[in-house]
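Residues per chain are reported as follows:
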Amino acid sequence: MAERLKQAHARVHALNVSVDAKTALTRQLLIVTETAKRDLPEAARRLSRFVHDLDEGHPPRA
């Protein structure tokens, strides 16, 4: 999970989007990180959705 989060953060950092968009995406990843502390399966689901949306070119949902 930690490695997947690290990769997702790197992908967000590399995006060619506004600072505001990167900030919003980073916040979403921080929420996933916090969720992992309480509910690892839920965090994994959220991260999978986030990465899927990045792959599809859609803005990830919260």
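Just above sits the structure.
Note that the structure is predicted; figures quoted are calculated from it, not measured. (Residues numbered from 1 in each chain as written. Predicted model: local features only at pLDDT ≥ 70, side-chain atom pairs only at ≥ 80, totals over all residues. Heavy atoms only, no water.)

## Digging into the pattern of salt bridges
Moving on, step 1. Following the criterion strictly, the structure yields 4 salt bridges and no others.
Moving on, step 2. A salt bridge links K37 to E34; the nearest nitrogen and oxygen atoms lie 2.9 Å apart. With K37 and E34 both in helix α2 (residues 19-38) and 3 residues apart, the pair spans about one turn of that helix.
Moving on, step 3. The partly exposed category is assigned to E34, whose relative accessible area is 41%.
Moving on, step 4. One salt bridge connects R46 with E42, and the closest N-O pair in it is separated by 3.2 Å. You can see R46 and its partner E42 sitting in helix α3 (residues 40-56), 4 residues apart, about one turn around the helix.
Moving on, step 5. Where salt bridges share partners, they join E42, R45 and R46 into one cluster. (Salt bridge = Lys/Arg side-chain N within 4 Å of Asp/Glu carboxyl O. Helix = DSSP H or I, 4+ residues; strand = E, 2+ residues; numbered from the N terminus. Buried < 20%, exposed > 50% of the residue type's maximum accessible area, 1.4 Å probe, protein only.)

## Points about helix α1 (residues 2-14)
Moving on, step 1. Relative to the 18 Å expected for 13 residues at 1.5 Å per residue, α1 spans 19 Å between its end C-alpha atoms, a close match to the ideal helical length.
Moving on, step 2. Three or more residues of α1 are buried, namely L5, A8 and V12. The arc enclosing the buried residues of α1, seen along the axis, measures out at 60°, which places them on a common side. The outward face of α1, more than 90 degrees from its buried face, is lined by the exposed residues K6, H13 and A14.
Moving on, step 3. Contacts made by the buried residues of α1 are with α2 and α3. (Expected span 1.5 Å × (residues − 1). Arc of directions from axis to C-beta. Contact = heavy atoms within 4.5 Å.)

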